[in-house]
Amino acid sequence: MKHKTIIILGSSRPFGHTRTIVDYLISHGNEIDLVVLSDYNIGYFDYELKNEDDDFHPLLTSILGYDTILFATPVYWYAMSAQMKTFFDRISDVLIGEKKAIGRQLRGKVMGSLSCGSDQEIFEGFEMPFTQSANYLGMTYIGHTHTWLSNAETIPKEVLPRLESLIKKL
Ligand SMILES: Cc1cc2nc3c(=O)[nH]c(=O)nc-3n(C[C@H](O)[C@H](O)[C@H](O)COP(=O)(O)O)c2cc1C
(Lines give C-alpha, C1' and ligand atoms only; values in the text may rest on other atoms or scores of the structure.)
Protein backbone atom coordinates (compact mmCIF):
# COMPACT_ATOMS: atom_id res chain seq x y z
CA MET A 1 0.00 0.00 0.00
CA LYS A 2 1.16 3.53 -0.70
CA HIS A 3 2.73 5.44 2.21
CA LYS A 4 0.74 8.61 2.93
CA THR A 5 2.12 11.76 4.56
CA ILE A 6 0.27 14.75 5.96
CA ILE A 7 1.55 18.03 7.36
CA ILE A 8 -0.48 19.69 10.11
CA LEU A 9 0.19 23.44 10.08
CA GLY A 10 -0.58 25.26 13.32
CA SER A 11 0.11 28.96 12.79
CA SER A 12 -1.78 32.14 13.67
CA ARG A 13 -1.75 32.93 9.95
CA PRO A 14 -2.39 30.42 7.16
CA PHE A 15 0.05 32.03 4.70
CA GLY A 16 2.86 33.11 7.01
CA HIS A 17 6.48 32.04 7.38
CA THR A 18 5.76 28.51 8.53
CA ARG A 19 3.54 28.08 5.47
CA THR A 20 6.44 29.14 3.23
CA ILE A 21 8.51 26.28 4.68
CA VAL A 22 5.61 23.84 4.46
CA ASP A 23 4.94 24.80 0.83
CA TYR A 24 8.59 24.04 0.01
CA LEU A 25 8.24 20.55 1.52
CA ILE A 26 5.01 19.95 -0.41
CA SER A 27 6.39 21.19 -3.73
CA HIS A 28 9.69 19.28 -3.41
CA GLY A 29 8.34 16.15 -1.70
CA ASN A 30 6.21 13.34 -3.02
CA GLU A 31 2.42 13.72 -2.64
CA ILE A 32 2.30 15.35 0.79
CA ASP A 33 -1.11 16.55 1.95
CA LEU A 34 -1.77 19.54 4.19
CA VAL A 35 -4.14 20.43 7.01
CA VAL A 36 -4.24 24.08 8.10
CA LEU A 37 -5.54 24.13 11.66
CA SER A 38 -6.81 27.72 11.38
CA ASP A 39 -9.34 26.48 8.78
CA TYR A 40 -11.04 24.47 11.51
CA ASN A 41 -13.03 25.27 14.59
CA ILE A 42 -11.20 23.38 17.35
CA GLY A 43 -12.04 24.30 20.94
CA TYR A 44 -9.92 23.73 24.01
CA PHE A 45 -9.90 20.39 25.75
CA ASP A 46 -12.83 20.21 28.15
CA TYR A 47 -13.10 17.58 30.91
CA GLU A 48 -16.83 17.21 30.15
CA LEU A 49 -16.08 17.01 26.40
CA LYS A 50 -18.15 20.12 25.81
CA ASN A 51 -16.35 20.70 22.51
CA GLU A 52 -16.76 17.19 21.14
CA ASP A 53 -19.06 18.33 18.33
CA ASP A 54 -16.59 20.82 16.88
CA ASP A 55 -14.26 20.06 13.95
CA PHE A 56 -11.67 18.06 15.92
CA HIS A 57 -13.09 14.55 15.64
CA PRO A 58 -13.83 14.57 11.88
CA LEU A 59 -10.39 16.11 11.31
CA LEU A 60 -8.61 13.52 13.44
CA THR A 61 -10.49 10.74 11.64
CA SER A 62 -9.23 12.00 8.29
CA ILE A 63 -5.67 12.29 9.66
CA LEU A 64 -5.82 8.66 10.83
CA GLY A 65 -5.76 7.70 7.15
CA TYR A 66 -2.11 8.80 6.96
CA ASP A 67 1.05 6.92 7.95
CA THR A 68 3.33 9.90 8.66
CA ILE A 69 2.24 13.10 10.40
CA LEU A 70 4.51 16.14 10.45
CA PHE A 71 3.56 18.84 12.96
CA ALA A 72 4.66 22.23 11.62
CA THR A 73 4.49 25.17 14.00
CA PRO A 74 5.94 28.64 14.37
CA VAL A 75 7.92 29.28 17.54
CA TYR A 76 5.78 31.47 19.77
CA TRP A 77 7.34 32.32 23.12
CA TYR A 78 9.89 29.47 22.87
CA ALA A 79 7.15 26.88 22.40
CA MET A 80 4.72 25.46 19.85
CA SER A 81 1.78 27.68 18.85
CA ALA A 82 -1.41 27.67 20.91
CA GLN A 83 -3.26 26.17 17.92
CA MET A 84 -0.92 23.21 17.84
CA LYS A 85 -0.97 22.76 21.62
CA THR A 86 -4.78 22.77 21.53
CA PHE A 87 -4.68 20.06 18.86
CA PHE A 88 -2.47 17.92 21.13
CA ASP A 89 -4.69 18.64 24.14
CA ARG A 90 -7.71 17.46 22.17
CA ILE A 91 -6.05 14.13 21.42
CA SER A 92 -6.94 13.47 25.08
CA ASP A 93 -10.59 13.26 23.92
CA VAL A 94 -9.79 10.00 22.15
CA LEU A 95 -7.68 8.47 24.89
CA ILE A 96 -10.54 8.15 27.37
CA GLY A 97 -13.89 6.33 27.49
CA GLU A 98 -15.62 4.98 24.42
CA LYS A 99 -13.38 6.85 21.98
CA LYS A 100 -10.23 5.03 23.18
CA ALA A 101 -10.24 2.82 20.10
CA ILE A 102 -9.76 5.94 17.96
CA GLY A 103 -6.70 7.08 19.92
CA ARG A 104 -5.16 3.63 19.64
CA GLN A 105 -5.13 4.03 15.86
CA LEU A 106 -2.28 6.52 16.25
CA ARG A 107 -0.06 3.66 17.44
CA GLY A 108 2.54 2.65 14.91
CA LYS A 109 2.25 5.86 12.91
CA VAL A 110 5.26 8.09 12.31
CA MET A 111 5.55 11.59 13.80
CA GLY A 112 7.95 14.43 13.01
CA SER A 113 8.07 18.04 14.14
CA LEU A 114 9.08 21.23 12.38
CA SER A 115 9.47 24.72 13.77
CA CYS A 116 9.86 28.12 12.12
CA GLY A 117 11.19 30.91 14.32
CA SER A 118 12.83 34.26 13.86
CA ASP A 119 15.91 32.98 15.71
CA GLN A 120 18.27 30.50 14.10
CA GLU A 121 18.66 28.89 17.48
CA ILE A 122 15.98 26.67 18.94
CA PHE A 123 16.18 26.39 22.69
CA GLU A 124 16.35 23.19 24.68
CA GLY A 125 12.93 21.94 25.64
CA PHE A 126 11.07 22.96 22.48
CA GLU A 127 11.11 19.45 21.05
CA MET A 128 10.30 17.56 24.25
CA PRO A 129 6.46 17.70 23.99
CA PHE A 130 6.73 16.12 20.52
CA THR A 131 9.13 13.34 21.49
CA GLN A 132 7.24 12.50 24.66
CA SER A 133 3.82 12.67 22.95
CA ALA A 134 5.04 10.33 20.23
CA ASN A 135 6.33 8.00 22.93
CA TYR A 136 3.05 8.17 24.89
CA LEU A 137 0.95 7.58 21.80
CA GLY A 138 3.09 4.69 20.58
CA MET A 139 4.25 6.58 17.49
CA THR A 140 7.69 6.39 15.91
CA TYR A 141 9.42 9.77 16.15
CA ILE A 142 11.60 10.84 13.21
CA GLY A 143 13.03 14.02 14.68
CA HIS A 144 12.74 17.77 14.69
CA THR A 145 13.69 20.27 11.99
CA HIS A 146 14.16 23.91 12.96
CA THR A 147 13.86 26.60 10.28
CA TRP A 148 13.72 30.35 9.84
CA LEU A 149 13.39 32.77 6.94
CA SER A 150 15.79 35.52 5.91
CA ASN A 151 14.32 38.93 5.11
CA ALA A 152 11.04 37.48 6.34
CA GLU A 153 10.40 35.76 3.01
CA THR A 154 13.31 33.74 1.60
CA ILE A 155 14.35 30.29 2.80
CA PRO A 156 18.04 30.70 3.71
CA LYS A 157 20.64 28.42 2.14
CA GLU A 158 21.48 26.95 5.58
CA VAL A 159 17.87 25.79 5.95
CA LEU A 160 17.53 24.09 2.54
CA PRO A 161 19.66 20.98 3.41
CA ARG A 162 17.55 20.50 6.54
CA LEU A 163 14.40 20.49 4.41
CA GLU A 164 15.93 18.12 1.86
CA SER A 165 16.90 15.67 4.58
CA LEU A 166 13.40 15.93 6.11
CA ILE A 167 11.78 15.26 2.71
CA LYS A 168 13.69 11.97 2.52
CA LYS A 169 12.05 10.86 5.79
CA LEU A 170 8.47 11.76 4.78
C1 LIG B 1 3.52 35.74 19.62
C2 LIG B 1 4.85 35.51 18.97
C3 LIG B 1 5.87 34.97 19.72
C4 LIG B 1 7.12 34.70 19.13
N5 LIG B 1 8.10 34.11 19.87
C6 LIG B 1 9.25 33.72 19.27
C7 LIG B 1 10.26 32.99 19.99
O8 LIG B 1 10.12 32.70 21.16
N9 LIG B 1 11.37 32.63 19.32
C10 LIG B 1 11.56 32.91 17.98
O11 LIG B 1 12.60 32.53 17.41
N12 LIG B 1 10.64 33.60 17.28
C13 LIG B 1 9.49 34.00 17.89
N14 LIG B 1 8.52 34.66 17.18
C15 LIG B 1 8.73 34.90 15.74
C16 LIG B 1 8.06 33.82 14.91
O17 LIG B 1 8.37 32.52 15.38
C18 LIG B 1 8.55 33.88 13.46
O19 LIG B 1 8.30 35.16 12.92
C20 LIG B 1 7.85 32.81 12.63
O21 LIG B 1 8.55 32.70 11.42
C22 LIG B 1 6.39 33.18 12.37
O23 LIG B 1 5.76 32.16 11.64
P24 LIG B 1 4.25 32.37 11.15
O25 LIG B 1 4.27 33.42 10.09
O26 LIG B 1 3.80 31.04 10.65
O27 LIG B 1 3.48 32.81 12.39
C28 LIG B 1 7.31 34.99 17.75
C29 LIG B 1 6.26 35.58 17.02
C30 LIG B 1 5.06 35.83 17.61
C31 LIG B 1 3.93 36.42 16.78
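Structure shown above.
Basis of the calculations
Residues numbered from 1 in each chain as written. Predicted model: local features only at pLDDT ≥ 70, side-chain atom pairs only at ≥ 80, totals over all residues. Heavy atoms only, no water. Helix = DSSP H or I, 4+ residues; strand = E, 2+ residues; numbered from the N terminus. Expected span 1.5 Å × (residues − 1). Buried < 20%, exposed > 50% of the residue type's maximum accessible area, 1.4 Å probe, protein only. Contact = heavy atoms within 4.5 Å. Near = heavy atom within 4 Å. Polar contact = N/O pair within 3.5 Å; in protein donor to acceptor, adjacent residues only side chain to side chain. Areas by Shrake-Rupley, 256 points an atom, 1.4 Å probe, with all protein chains shown as cover. Nonpolar A, V, L, I, M, F, W, Y, C, P; charged D, E, K, R; others polar. Core = buried A, V, L, I, M, F, W, Y, C linked by side-chain atoms within 4.5 Å. Axes fitted to C-alpha atoms, helices over the stretch in contact; angles between N-to-C directions. Parallel < 35°, antiparallel > 145°, perpendicular 65-115°, else oblique. Patch = residues over 30% accessible without salt bridge, like charges linked within 9 Å, V, L, I, M, F, W, Y side chains within 5 Å. Salt bridge = Lys/Arg side-chain N within 4 Å of Asp/Glu carboxyl O. Phe/Tyr/Trp six-rings, centres within 6.5 Å; stacked < 30°, edge-to-face > 60°. Lys NZ or Arg CZ within 6 Å of the ring centre and 35° of its normal.

A. Spotlight on helix 1 (residues 17-28). Under the 1.5 Å per step criterion, the end-to-end length of helix 1 is 17 Å for 12 residues, consistent within 8% with the ideal 16 Å. Every buried residue of helix 1 is listed here: Thr18, Arg19, Ile21, Val22, Tyr24 and Leu25. On its buried face, helix 1 is in contact with strand 1 (5-9), strand 2 (32-36), strand 3 (68-74), strand 4 (110-117), strand 5 (140-148) and helix 6 (160-169).

B. Quick look at the site of the ligand. Close to the ligand lie 14 residues, the nearest being Arg13, His17, Thr18, Val75 and Tyr76. For the ligand, an oxygen atom lies 3.0 Å from a polar atom in the backbone of Asp119. Relative to its unbound accessible area of 640 Å², the ligand is 74% covered by the protein chains. Where the shell around the ligand is concerned, the elements lending two or more residues are helix 1 and strand 4. The residue makeup of the shell around the ligand, split by class, is six nonpolar, six polar and two charged.

C. Seen up close, the environment of Ile6. Residue placement: Ile6 occurs in strand 1. The spacing of Ile6 and Phe71 is 65 residues in sequence and 8.7 Å in space, taken between C-alpha atoms. Those residues in contact with Ile6 that sit more than four places away from it in its chain are Asp33, Leu34, Val35, Ile63, Tyr66, Thr68, Ile69 and Leu70.

D. Layout of the nonpolar core. Among the nonpolar cores identified, the biggest contains 26 residues, and Ile8, Phe71 and Phe87 are the most heavily contacted of them. Every element with two or more residues in this core is listed here: strand 1, helix 2 (56-63), strand 3, helix 3 (82-91) and helix 5 (128-137). Beyond its immediate stretch of four places on either side in the chain, Ile8 contacts Val35, Leu37, Ile63, Ile69, Leu70, Phe71, Ala72, Met84 and Phe87. Residues Val22, Leu25, Ala72 and Leu149 belong to the second largest nonpolar core, which totals 20 residues.

E. Examining the side chain of Lys109 more closely. Mapped onto the fold, Lys109 is located in the loop between helix 4 (100-104) and strand 4. Beyond its immediate stretch of four places on either side in the chain, Lys109 contacts Leu64, Tyr66, Asp67, Ile69, Met139 and Thr140.

F. Inspection of the packing of helix 2 against helix 3 at higher detail. For the pair helix 2 and helix 3, interaxial distance at closest approach is 11 Å and the crossing angle is 85°. Classified by the angle between their axes, helix 2 and helix 3 sit roughly perpendicular to one another. For the pair helix 2 and helix 3, contact is made by Phe56, His57, Leu59, Leu60 and Ile63 and by Phe87, Arg90 and Ile91, respectively. Tallied by class, residues from the contact of helix 2 with helix 3 come to six nonpolar, one polar and one charged.

G. Quick look at the side chain of Thr73. Structurally, Thr73 is set in strand 3. Apart from the residues lying within four places of it in its own chain, the contact partners of Thr73 are Gly10, Thr18, Met80, Ser81, Met84, Leu114, Ser115, Cys116, Phe126 and Phe130.

H. Quick peek at a nonpolar patch on the surface. On the surface, Tyr76, Trp77, Tyr78 and Phe123 cluster together into a nonpolar patch covering about 550 Å² of accessible area. A relative accessible area of 78% means that Trp77 is categorised as exposed.

I. How the structure looks around the packing of aromatic side chains. Tallying each qualifying case throughout the model produces nine aromatic pairs. Seen from their ring centres, Phe45 and Tyr47 are 5.1 Å apart, and the 75° between their planes marks the pair as edge-to-face. Judged by relative accessible area, Phe45 falls into the partly exposed class, the value being 24%. Given a relative accessible area of 77%, Tyr47 falls into the exposed group. Ring geometry for Phe88 versus Phe130: centroids 5.7 Å apart, planes at 80°, classification edge-to-face. Of this pair, Phe88 sits in helix 3 while Phe130 is found in helix 5, placing the two residues 42 residues apart along the sequence. Ring pairs connect the aromatic residues Phe56, Phe71, Phe87, Phe88, Phe126 and Phe130, which therefore count as one cluster. Cation over ring: Lys4 sits above Tyr66, and NZ or CZ is 4.8 Å from the ring centre.

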